[in-house]
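Chain residues, written in single-letter form:
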Amino acid sequence: MPAVSKGDGMRGLAVFISDIRNCKSKEAEIKRINKELANIRSKFKGDKALDGYSKKKYVCKLLFIFLLGHDIDFGHMEAVNLLSSNKYTEKQIGYLFISVLVNSNSELIRLINNAIKNDLSSRNPTFMCLALHCIANVGSREMAEAFASEIPRILVAGDTMDSVKQSAALCLLRLYKTSPDLVLMGEWTSRVVHLLNDQHMGVVTAAISLITCLSQKNPDEFKTCVSLAVSRLSRIVSSASTDLQDYTYYFVPAPWLSCKLLRLLQCYPPPEDGAVKGRLVECLETILNKAQEPPKSKKVQHSNAKNAILFEAISLIIHYDSEPNLLVRACNQLGQFLQHRETNLRYLALESMCTLASSEFSHEAVKTHIETVINALKTERDVSVRQRAADLLYAMCDRSNAKQIVAEMLSYLETADYSIREEMVLKVAILAEKYAVDYSWYVDTILNLIRIAGDYVSEEVWYRVIQIVINRDDVQGYAAKTVFEALQAPACHENMVKVGGYILGEFGNLIAGDPRSSPLVQFNLLHSKFHLCSVPTRALLLSAYIKFINLFPETKATIQEVLRCDSQIRNSDVELQQRAVEYLKLSSIASTDVLATVLEEMPPFPERESSILAKLKKKKGPGAVSVTELEDNKREGGELNGGGERGPDTSAMSTPSPSADLLGIRSAVPVGAAPASAGSLLVDVFSEAGPAAVSAAVNDDGFLRFVCKNNGVLFENQLLQIGIKSEYRQNLGRMYLFYGNKTSVQFASFTTTVSCPGELQLQLNVQTKPVEPLVEGGAQIQQVLNIECLTDFSEAPLLNIKFRYGGALQNLTLKLPVTINKFFQPTEMASQDFFQRWKQLSQPTQEAQKIFKASHGMDTEVLKAKLLGLGTALLDNVDPNPENYVCAGVIQTKGQQVGCLLRLEPNAQAQMYRLTLRCSKDSVSKRLCELLAEQF
Amino acid sequence: MIGGLFIYNHKGEVLISRVYRDDIGRNAVDAFRVNVIHARQQVRSPVTNIARTSFFHVKRSNIWLAAVTKQNVNATMVFEFLYKMCDVMAAYFGKISEENVKNNFVLIYELLDEILDFGYPQNSETGALKTFITQQGIKSQSKEEQAQITSQVTGQIGWRREGIKYRRNELFLDVLESVNLLMSPQGQVLSAHVSGRVVMKSYLSGMPECKFGMNDKIVIDKQNKGGSSEEGGKSGKQSIAIDDCTFHQCVRLSKFDSERSISFIPPDGDYELMRYRTTKDIILPFRVIPLVREVGRTKLEVKVVIKSNFKSSLLAQKIEVRIPTPLNTSGVQLICMKGKAKYKASENAIVWKIKRMAGMKESQISAEIELLPTNDKKWARPPISMNFEVPFAPSGLKVRYLKVFEPKLNYSDHDVIKWVRYIGRSGIYETRC
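Bear in mind that the values here come from a model prediction, so they are computed numbers and not experimental data.

**Overview of the overall build of chain A**
Then comes step 1: If you tally the helices and strands in chain A, you get 43 helices and 16 strands.
Then comes step 2: Here chain A holds 936 residues, and 52% of them are scored as buried.
Then comes step 3: Once local pairs closer than 6 in sequence are excluded, the contacts in chain A between residues at least 24 apart make up 68%.
Then comes step 4: As presented, chain A carries roughly 43,300 Å² of accessible surface, and 51% of it is formed by carbon and sulfur atoms.

Laid out in structure tokens, this is it:
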């Protein structure tokens, strides 16, 4: 850079700035600026041309005024003129003005781009640098469009100066970040990689930033950079601290470059080439060794630089996760940092250890530091460090140390910061569940948790404990006893009352033998908490009471008394009142047998991903809980619940389960419940809809949802709900349509017509009677459709509905879910039979095949239910591969019968299915294939 | 109930901080500075609510006065107090500036203690305050004097002490008016009003009873009805309709309400007897006729004519016409017949000054403004404003009499020397162009 000559001091500018600084008030400042602006305007307007110096001076003043927050609407032209000056300082000011004040003014952009182009093609390195800096500073899309192709050329040209290369690399990086689509990869990419070998360290540092960014998007193009980076790294690491001269920072050779190299390597898997790998391992070892050496300087910069490299190396080691030796060494190194004076180091060490703990090689090594970490959790002054310590404890927990860690976390919880309590509670709950060998310990832990930090125990946590207690027979008695004891505390948390109410209601009989916890004592204990609780808890307790009546007939009189009292039966809360009334009636009218059936013990819950874990993940955002952990949990969860896996039992729905409690757990609510929650009158119709097809019901359009099921809600909007119930026998079908008026106003001239478009008329015969023209508000009317299948078909009949709502005519057309598969007749056959027929239907037209991605989960039970809903017979032990599904059926039409064979091959890894259909009629296989491909 | 009072300089540094109530914390000082004085956007509302605390501020040159409260107070009371506070300070040490506040901070604290008690405003009459808060150090007082102060502070006539004696009984009365106008380019009056004050300076012995009379329409009409023939008929033409008025606390309001007569025992020295506002039949002393022509994108021609519209025997003074210029002005050429005109870049305006101008005259200025072409939006053309001073009351107010009675001492109304003066000034006097 040429030295600034004395004449460039720009006295006028200095005077102006000092004037502004000396202004006593804002008004004075504005006055001064107005005066200056007028002066500049008259100068720019003046007839005689300004020389470069004054132009520069005035542009500078304008820039300063702009930076003070005033609008500048002139002077752009003068600044652009400066760009073409030959003096460095003038050019520099011009570029400065452009990069600060550039707007998308079309004519100026053209001029600016022209000037930049001239500078880029000049041989003067300082001018080239200025132009590149301007492009990077503006970094707009327009700039990228104009120069994205030019800069790579400058970057890789052999005769470019080092400083220009540096600028070009960073400029390209900036353009790539703003508009990656405009920076095209080309033959220059390979040459960019070779910049890693450049003599000039500055060029390497700049290039590596670019390469790291580019390689994240196109890893294959830059694969070769790995070996180059390794060799560069080893050269730096092995160099003596004085070798690199300018690039040695407080005795550490090129720390920034080293960090960037290590970070680049983290974009790639471990090198396959043995030599390269050996060299890299050597480097990493050297870095670890250096950390052990006594510091060469007491300065904080020295240790910062050293540690920066070390931490980057450790994250690379963790990223590779393949060198047990290195992992353990890294872990030991981090262990030293755990007790370091520097808070930042302790934080970083804990954070890195968290990731180390998930590696199988270093998990044990991490565990050796458990005491230190626990100590950190207790004594650390900085809350963020404590948070990391808690994370690490969570990560390092396994079967061997679970009890200790959970106990420590529980004891810490009593004094923990409010901000992290909820997360801590979730973690304790998860760990307790995950590593529970002994369920009494689990129950103890969770109850303790509720006792210590009741406010932070979210619903998921206590839902989970109930799920587990219900699914495990062996722990129920203990749980009942423990909650009974816990409830005896004079003040206990509402969540404790909830758990207690639920468990005693279910399993109170298990401890009723003891006179100290006789039924009446249990009831009185629960009821003593009743009045202090919120409405949902009271509702739950009422349900517990009715269960008591079933469990202990001797308490009936007492409980009925309680239910009968005004505060229950006339409670202002509808839910409580309804429960009180209904339970009272139930207990007084129903016989013991009926009671026993209605109030049967809750069936076990289906196993699924722990809702607590889901909550933790939601809290921390995706990626916080590693995948391995998840799988781990699934495995553990399976063990935990043993054989207790059943599909959700519909009887659970008719049991008076407290509304506030378990609906949350049952995230898969059967279809019938959806209209119920909408307050509709159609509940009765849909309550028997199969629960199996539920998860599919969510996203598909109305028509496709009904391919595999016969009943459900076809359509719903603010006004109208249409439900369907249908049955098919042979080639005949009957469909009941239920039209529900959801408004309070009547629908007038309500008419429905069913039509068969096109050739469907000849294939399908649909008969119906007209409906009544008036539908009262809130009422529901029914229509019966008789369907006869004449021959196979592929279209669907259309249902048209017209009515007047508040004067406005509503018109609606829907596809009726009548599909060819509805006329399936299942056929059972043996393996041999199946394959014989399969071979018979070998003509290419008879077969239809489709490979598609799974759009829903690949749950076995759901799949089976869907295939059964299709109407075919699901054949077991037919296919040699047990993963595959094989079905057979005959489609009954009036004219003929069409045999169909189906094979569905799921591929769990790829989340893909292959569906093959062979039918005796070509059109049928095609149509079925189309329909089914949308279902899975 | 004012919770506290702060005085800041233009940088937001606290010069005076006096907290009267516990509910105002120390952080309130900073809250006002951060949210009002240093606000990114200029705060235009004089009342700001920050964290359930209300700040009422007024600005005097570069000084901010802010009253703070947590309660729901009467805002006009707070502002009245702040204005009084300004008056008191001005009476004690002249202009309110950072320098003066710093030099007199002990005095200011003393004043604040006296005029606000636990946040409730007390006696803020300068005359009364000056008797016991003096600037000349401690003056030993006799018992008698002390008793007098007590009786005065607590007594019925708090604004005047007894036993004042003058050799020459003299009385000065100034009618000060400011006339506000907004006129369309075609000469239509869009809005106009006069706000006036009657300021008195009295040097009268004893406890005189004064009676002030002016050509108030209601009074005149009443007299006409009573049939007091000649005099009423003559001045009836010139009577004025007062829209609203306020009085100094010495005026007996009950008498004003019942008889519409203004009678009072005057304080000693300077005071403002009344304030009023009129909107009807205003005499507009000047008429401004603007002519603006845009010649292409780079030139603007402006011609402004002013006409004086009052008796030719009177002389207007300190006339100043301010013609705003566009923001992209690069040069101005001016020609004017009378006075001096100058383009002030720092204010983006042409300022034309005329020292004196008689009534029924006219004068004109023409300007050529050169512009720098920009692609910015069009110029908004702010109105041309004017300043002047005329020796009559634009509202038409006339003082009919001012009678002084002092039954205890031996001087009569005729012995009092009375001086009356009318000054009409411009308020916001604008003409759109």
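**Comments concerning the interface of chain B and chain A**
Then comes step 1: Taken together, the contacts link 19 residues of chain B with 14 residues of chain A.
Then comes step 2: In total, about 1,400 Å² of surface goes out of reach between chain B and chain A, with carbon and sulfur atoms giving 49% of it.
Then comes step 3: The largest per-residue losses of area from chain B upon contact with chain A belong to Ser330, Ser346 and Leu372 of chain B, which jointly make up 33% of the total buried on that side.
Then comes step 4: Counting across the interface, chain B meets chain A through one salt bridge.

**Some details on the pairing of strand 5 (residues 732-741) of chain A**
Residues and elements named next belong to chain A.
Then comes step 1: Within strand 5, seven of the ten residues are buried, leaving the element largely enclosed by the surrounding structure.
Then comes step 2: Relative to strand 5, strand 4 (residues 720-729) runs antiparallel, the two being bridged by ten bridges. Each residue of the ladder has a partner; that of Gln721, found in strand 5, is Gly740.
Then comes step 3: Linking strand 4 back to strand 5 in an antiparallel pair, the connection comprises two residues, with Gln730 at a positive phi of about 50°.
Then comes step 4: Taken together, the nine bridges between strand 5 and strand 8 (residues 780-789) define a ladder with antiparallel strand orientation.

**Considering the packing of helix 27 (residues 494-507) of chain A against helix 28 (residues 519-530) of chain A**
Residue and element names in this part refer to chain A.
Then comes step 1: Closest axis-to-axis distance for the helix 27/helix 28 pair is 11 Å, and the angle between their directions is 150°. As judged from the angle between their axes, helix 27 and helix 28 are roughly antiparallel. Crossing of helix 27 over helix 28 shows left-handed handedness. On helix 28, the residues touching Val497, Gly500, Gly501 and Leu504 of helix 27 are Gln522, Leu526 and Lys529.
Then comes step 2: Of the residues belonging to the contact of helix 27 with helix 28, the class tally is three nonpolar, three polar and one charged.

**Overview of the environment of Ile157 of chain B**
All names here are of chain B.
Then comes step 1: By the element assignment, Ile157 lies in the loop between helix 6 (143-154) and strand 8 (170-183).
Then comes step 2: By relative accessible area, which is 26% here, Ile157 ends up partly exposed.
Then comes step 3: As for Ile157 and Pro267, which are separated by 110 residues in sequence, their C-alpha atoms are 9.2 Å apart.

**Considerations on the sheet that holds strand 19 (residues 349-358) of chain B**
Residue and element names in this part refer to chain B.
Then comes step 1: Spatially, 11-13-9-8-23-21-16-19-18 is the arrangement adopted by the nine strands of the open sheet, whose pairing is mixed. The open sheet has two free edges, formed respectively by strand 11 (244-247) and strand 18 (340-344), since each of these has just one partner strand. Averaged over all neighbouring strand pairs, the angle between strand axes comes to 15°, with direction disregarded.
Then comes step 2: Here strand 16 (residues 315-324) runs beside strand 19; their pairing, made up of nine bridges, is antiparallel. In the sheet register, Val321 faces strand 19, and the bridge partner there is Trp352.

**Looking at the state of the cysteines**
Residues and elements named next belong to chain A.
Then comes step 1: Applying the stated rule across the entire model yields zero disulfides over all chains.
Then comes step 2: Free cysteine Cys267: the closest other cysteine sulfur is in Cys225, separated by 7.9 Å.
Then comes step 3: The exposure class assigned to Cys267 is partly exposed, which follows from its relative accessible area of 25%.

**Overview of the confidence of the model for chain A**
Residues and elements named next belong to chain A.
Then comes step 1: Summary statistics for chain A give a mean pLDDT of 79 and a share of 88% for residues scoring 70 or more.
Then comes step 2: Confidence over residues 1-6 falls short of pLDDT 50; this stretch has four contacts with residues more than four positions distant or in other chains.
Then comes step 3: Considering only residues more than four positions removed or in separate chains, one finds that residues 622-700, a stretch of pLDDT under 50, has 110 contacts.

**Thoughts on helix 10 (residues 162-178) of chain A**
Residues and elements named next belong to chain A.
Then comes step 1: Its 17 residues give helix 10 an end-to-end C-alpha distance of 25 Å, which sits within 8% of 24 Å, the value for a rise of 1.5 Å per residue.
Then comes step 2: Listing the buried residues of helix 10 in full gives Val164, Lys165, Ser167, Ala168, Ala169, Cys171, Leu172, Leu173, Leu175 and Tyr176.
Then comes step 3: Against helix 7 (125-138), helix 8 (141-147), helix 9 (150-156), helix 11 (188-193) and helix 12 (201-217) lie the buried residues of helix 10.

**A closer look at the sheet that holds strand 10 (residues 209-214) of chain B**
Residue and element names in this part refer to chain B.
Then comes step 1: Sheet architecture is open: three strands sit in the order 12-10-22, paired in antiparallel fashion. One side of each edge strand has no neighbouring strand; the edge strands of this open sheet are strand 12 (262-264) and strand 22 (399-405). Here the strands of the sheet are splayed against their neighbours by 15° on average, with no regard to which way each runs.
Then comes step 2: Where strand 10 and strand 22 come together, six bridges link them in antiparallel fashion. What sits directly across from Glu209, in strand 22, is Phe405.

**A few points about the pattern of salt bridges**
Then comes step 1: Inspection of every chain in the model, using the stated rule, returns 46 salt bridges over all chains.
Then comes step 2: For Glu36 of chain A, the salt bridge goes to Arg32 of chain A, with nearest N and O atoms at 3.1 Å. Of this pair, Glu36 of chain A and Arg32 of chain A both sit in helix 2 (residues 26-45), separated by four residues, roughly a single helical turn.
Then comes step 3: Relative accessible area serves as the criterion here: at 4%, Glu36 of chain A is assigned to the buried category.
Then comes step 4: Notably, a salt bridge pairs Asp30 of chain B with Arg33 of chain B, separated by 2.3 Å at the nearest N-O pair. With Asp30 of chain B and Arg33 of chain B both in helix 1 (residues 27-37) and three residues apart, this pair spans about one turn of that helix.
Then comes step 5: Each of the salt bridges in this network shares a partner with another, and the network as a whole consists of Asp19, Arg32, Glu36 and Lys61 of chain A.

**Some words on the packing of aromatic side chains**
How two aromatic rings sit relative to each other is given by the distance of their centres and the angle of their planes.
Then comes step 1: Applying the stated criterion to the full structure yields 33 aromatic pairs over all chains.
Then comes step 2: Ring centres of Phe16 of chain A and Phe64 of chain A lie 6.1 Å apart, and the angle between their planes is 80°; this geometry places the pair in the edge-to-face category. Linking Phe16 of chain A in helix 1 (residues 11-22) with Phe64 of chain A in helix 3 (residues 52-67), this pair joins segments that are 48 residues apart in sequence. Judged on exposure class, the residue Phe16 of chain A and its partner Phe64 of chain A are both buried.
Then comes step 3: Arranged with centres 6.4 Å apart and planes meeting at 5°, the rings of Phe747 of chain A and Phe750 of chain A form a pair that is stacked. This pair shows no difference in class: Phe747 of chain A is buried, exactly as Phe750 of chain A is.
Then comes step 4: Among the aromatic residues, those joined into a cluster by ring pairs are Phe6, Tyr8, Phe32, Phe55 and Trp64 of chain B.
Then comes step 5: Lying over the aromatic face of Phe172 of chain B, Lys201 of chain B brings its terminal NZ or CZ to 5.9 Å of the ring centre.

**A closer look at the confidence of the model for chain B**
All names here are of chain B.
Then comes step 1: In the predicted model, chain B carries a mean pLDDT of 87, and the fraction of residues at 70 or more is 92%.
Then comes step 2: Contacts of residues 229-236 to residues separated by more than four positions or lying in other chains number six contacts, the stretch itself having pLDDT below 50.
Then comes step 3: Scored as a whole, the predicted complex attains pTM 0.58, and scored at its interfaces, ipTM 0.71.

The rules behind each value
Residues numbered from 1 in each chain as written. Chains lettered and ligands numbered in written order. Predicted model: local features only at pLDDT ≥ 70, side-chain atom pairs only at ≥ 80, totals over all residues. Heavy atoms only, no water. Helix = DSSP H or I, 4+ residues; strand = E, 2+ residues; numbered from the N terminus. Buried < 20%, exposed > 50% of the residue type's maximum accessible area, 1.4 Å probe, protein only. Contact = heavy atoms within 4.5 Å. Areas by Shrake-Rupley, 256 points an atom, 1.4 Å probe, with all protein chains shown as cover. Buried area = accessible area lost by both parts, 1.4 Å probe. Salt bridge = Lys/Arg side-chain N within 4 Å of Asp/Glu carboxyl O. Pairing = 2+ DSSP bridges. Axes fitted to C-alpha atoms, helices over the stretch in contact; angles between N-to-C directions. Parallel < 35°, antiparallel > 145°, perpendicular 65-115°, else oblique. Left-handed = near helix turned anticlockwise from the far one by under 90°. Nonpolar A, V, L, I, M, F, W, Y, C, P; charged D, E, K, R; others polar. Disulfide = S-S within 2.5 Å. pLDDT = per-residue confidence, 0-100. Expected span 1.5 Å × (residues − 1). Phe/Tyr/Trp six-rings, centres within 6.5 Å; stacked < 30°, edge-to-face > 60°. Lys NZ or Arg CZ within 6 Å of the ring centre and 35° of its normal.

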